[in-house]
Amino acid sequence: MTEYIFKGKTIALGVSGGIAAYKAVDLASELTQAGATVKIIMSENAVKFVSPITFQSITCQPVITDLFASNPQGRIYHISISEEADVIVIAPATANILAKAACGIADDTLSTTIVATRSAVVMIPAMNNYMWLNKATQHNLETLRERGIHIIEPEVGRLACGEEEAIGRFPKTETIIDYLKNLLTVVRGLEGKTILVTAGGTHEPIDPVRFIGNRSSGKMGYAIAEAAEARGGDVVLISGPTCLRPPYGIKVVNVETARQMKQAVLDYLPQADAVIMAAAIADFRPSEESVEKIKKEKMPKSLGLGLNPDILQMVSEKEGRRIVVGFAAESENIIESAVEKLKKKNLDLIVANNIGKPGVGFGSDLNLAILIDRSGPMGDLKTYRKSDLAGRIMDWLVGALKRDAAD
Ligand code: PMT
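Here's what I pulled together on the structure shown here. A quick note: this is a predicted structure, and the numbers were derived from the prediction, not measured. Position labels on residues start from 1 in each chain and follow its written sequence. The predicted nature of this model means local features are confined to residues of pLDDT at least 70 and side-chain atom pairs, given and counted, to a pLDDT of 80 or more, with totals for whole chains, interfaces and linings taken over all residues. Note that water and hydrogens are dropped before the side-chain values are worked out from all heavy atoms of the structure.

Moving on, we get to helix α2 (residues 21-33). One turn of the α-helix equals 3.6 residues, which is why residues spaced by three or four share an orientation. Its 13 residues give α2 an end-to-end C-alpha distance of 19 Å, which sits within 8% of 18 Å, the value for a rise of 1.5 Å per residue. Among the residues of α2, those classed as buried are Ala 21, Ala 24, Val 25, Leu 27, Ala 28, Ser 29 and Leu 31. Helix numbers and strand numbers start at the N terminus; a helix is a DSSP run of H or I with at least 4 residues, a strand a run of E with at least 2. Where α2 ends, the next residue or the one after it, Gly 35, has phi of about 105°, a positive value. An expected span of 1.5 Å times one less than the residue number is assigned to each helix. Think of it in three bands: residues with accessible area under 20% of the maximum for their type are buried, residues over 50% are exposed, and the middle band is partly exposed, with areas taken using a 1.4 Å probe on protein chains only.

As a further point, take the layout of surface pockets. Unoccupied space between atoms shows up once a probe the size of one water molecule is rolled over them. The volume enclosed by the largest pocket comes to roughly 1600 Å³. Lining the largest pocket are 39 residues; nearest its centre among them are Ile 152, Thr 175, Tyr 179, Glu 226 and Arg 245. If you list the elements that add at least two residues to the lining of the largest pocket, you get β6 (150-151), β7 (155-157), α10 (173-184), α11 (219-230) and α15 (386-406). The start and end points of each domain follow an automatic or database-based domain assignment. Taken together, domain 1 (2-184) and domain 2 (194-406) each give at least three residues to the lining of the largest pocket, which thus spans both. Lining the second largest pocket are 41 residues; nearest its centre among them are Ala 279, Ala 280, Ile 281, Phe 327 and Ala 329. Counting residues per element, the ones that place at least two in the lining of the second largest pocket are α11, α13 (311-317), β17 (323-330) and α14 (334-344). Amino acids outside the nonpolar list (Ala, Val, Leu, Ile, Met, Phe, Trp, Tyr, Cys, Pro) and the charged list (Asp, Glu, Lys, Arg) are all regarded as polar, and Gly is one of them. Counted by class, the lining of the second largest pocket contains 19 nonpolar, 13 polar and nine charged residues. Here a cavity means grid points, on a 1 Å grid over the protein atoms only, where a 1.4 Å probe fits yet cannot get out; a pocket means an open set of points with protein on both sides within 12 Å along at least five of seven lines; lining residues are those with an atom within 4 Å of a point. Grid points are joined across faces, edges and corners, and a volume is the space filled by probe spheres set on the points.

We now examine the sheet that holds strand β19 (residues 366-373). Strands pair, by our definition, only if DSSP identifies at least two bridges between them. Taking strand neighbours across the sheet as the criterion, the eight strands line up as β13-β12-β9-β14-β17-β18-β19-β20 in an open arrangement whose pairing is mixed. The strands lining the two open edges of the sheet, one partner per strand, are β13 (251-254) and β20 (376-385). Here the strands of the sheet are splayed against their neighbours by 20° on average, with no regard to which way each runs. In terms of strand pairing, β19 meets β20 through seven bridges, oriented antiparallel. Bridge assignment links Asp 373 to a residue of β20, and that residue is Gly 376. Where helices are involved, their axes are fitted lines through C-alpha atoms of the stretch in contact, as for all axes, and angles between N-to-C directions lie from 0 to 180°.

A word on the site of the ligand. If a single non-hydrogen atom of a residue is within 4 Å of a molecule or strand, that residue counts as near it. Around the ligand lies a shell of 27 residues, among which Ser 216, Ser 217, Lys 341, Asn 353 and Gly 363 are the nearest. The definition of a polar contact used here is a pair of N or O atoms within 3.5 Å, where within protein one atom must be able to donate a hydrogen and the other to accept one, and adjacent residues in sequence count solely through side-chain atom pairs. Here a nitrogen atom of the ligand sits 2.9 Å away from a polar atom, N or O, in the main chain of Ala 278. Where accessible areas are quoted, they stem from the Shrake-Rupley method and a 1.4 Å probe; at the residue level, only the protein chains shown are allowed to cover. Surface burial for the ligand is 95%, taken as the share of its 770 Å² of free accessible area covered by protein chains. For the ligand, the cavity whose grid points lie within 2 Å of the majority of its atoms is the second largest pocket. Mapped by element, the contributors of at least two residues to the shell around the ligand are α11, α13 and β17. For the shell around the ligand, the element with the most residues is β17, which contributes four residues. Residue composition of the shell around the ligand, by class: 13 nonpolar, eight polar and six charged. A molecule is said to be in a cavity or pocket once over half of its atoms fall within 2 Å of that pocket's grid points.

Now for a nonpolar patch on the surface. On the surface, a cluster of nonpolar side chains totalling about 420 Å² of accessible area is made up of Phe 284, Leu 303, Leu 305 and Leu 307. Here Leu 303 is to be found in the loop between β15 (284-286) and β16 (305-307). What makes a patch is a set of residues exposed beyond 30% relative accessible area and free of salt bridges, joined within 9 Å when like-charged and within 5 Å when nonpolar (Val, Leu, Ile, Met, Phe, Trp, Tyr). One side-chain nitrogen of Lys or Arg within 4 Å of one carboxyl oxygen of Asp or Glu is enough to make a salt bridge.

The relative placement of two packed helices is expressed as an angle between their axes plus a distance between the axes. Put simply, helix α6 (residues 95-103) and helix α9 (residues 135-146) touch, their axes get as near as 9 Å, and they point 50° apart. Judged by the inter-axis angle, α6 sits oblique to α9. Seen from above, α6 lies across α9 with left-handed handedness. When α6 is examined against α9, the residues Ala 95, Leu 98, Ala 99, Ala 101 and Ala 102 are found in contact with a partner set consisting of Thr 137, Asn 140, Leu 141, Thr 143 and Leu 144. Classifying every residue of the contact of α6 with α9 gives seven nonpolar, three polar and no charged. With respect to orientation, any angle under 35 degrees is reported as roughly parallel, any angle over 145 as roughly antiparallel, any angle of 65 to 115 as roughly perpendicular, and every other angle as oblique. Two helices crossing with the near one rotated counterclockwise from the far one by less than a right angle form a left-handed crossing, whereas a clockwise rotation gives a right-handed crossing. Residue contacts are defined here by distance: any two heavy atoms, one from each residue, within 4.5 Å place the two residues in contact.

Next up, the structure:
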């Protein structure tokens, strides 16, 4: 999957002068191994952190540091690279390069390449937390986003300046690769289509502080929403409580309980061309919810439960033609149980995932899954990164919507 997307692609990797410049070496290496031609442009300050020779050795390409350097055909490098690149990735992007790009300043080879390009630009800021939170930096980020520049936000964690738990860390290489995979995916096909996605688990309150919940992180549903958006779809993401950042450019409707999720799905259903239910909705809830926090001394001896609505069943019974995709979280008889759900709920596709094995499923970046449509299972159960599985579901969806339109 990765190789198929990056092969034949040219990626201009602009490195600006921050300590995370050394992490860009790993990114350059992964992209090169995935089959991309990676051309490096370094700012004057980046060279103080990492030697150009390091990047040259890894990418087997010349590294551009001089504004006036030209390629063997005599063309100025920053112009030829800005034309050749399928995408320009600035990693790390310092507060300085963000400010220059927001103002259109072109006073060195890196900033000039950004101004000269018509290709997609992805900025990956990494810096001290106060520099990130600075109002000027945030304003510059907003300006860049409005102009269609992609921003992969920094992560929270230990910063090189000594902060133990603060925003500003350079994201993991896999996060960046996943983002680029979506961006470079050539198959679009969801333009003009509205895709409704559910993600995360639900919290079913016992009292104002306690609830019944499950271990869903929302990663699967969010990956689907991002993949649908990358293919040009208008995405509405109905999300249970998660720790994930809302994906940029996607409408997110936050809900807490199954009944709220049902209402949100019903609200957006009329405009949906496809519904993909990756959420782990609690099947039952406490039959009574205490308005006050239940005191320890008054602990009930047992907890009565009531059934929650089956939202997927309800969606597939609603009038109107739309593609309906469900998930099946199974720990035994994976395929048989999923086929049964597909038939019972009259679905177009079910994604069966084995949640009984360690390291996959709930909370993980991986899913051990198989796609099953009305004509049967497609291939075998396989371990996918959730972003790759989301891509496969989208490829199936693009085909299904086309077939539907042709009928
Ligand atoms: O969020 P992550 O940490 O990334 O984990 C991803 C996941 C494991 C949660 C996801 O891949 C997944 O399997 N989601 C479906 C979980 C689930 O509820 O499976 P189920 O077999 O119980 O339900 C079948 C289908 O009915 C699902 O599409 C579910 O959204 C839907 N459902 C379930 C119960 C209910 N009351 N209403 C529903 O609509």
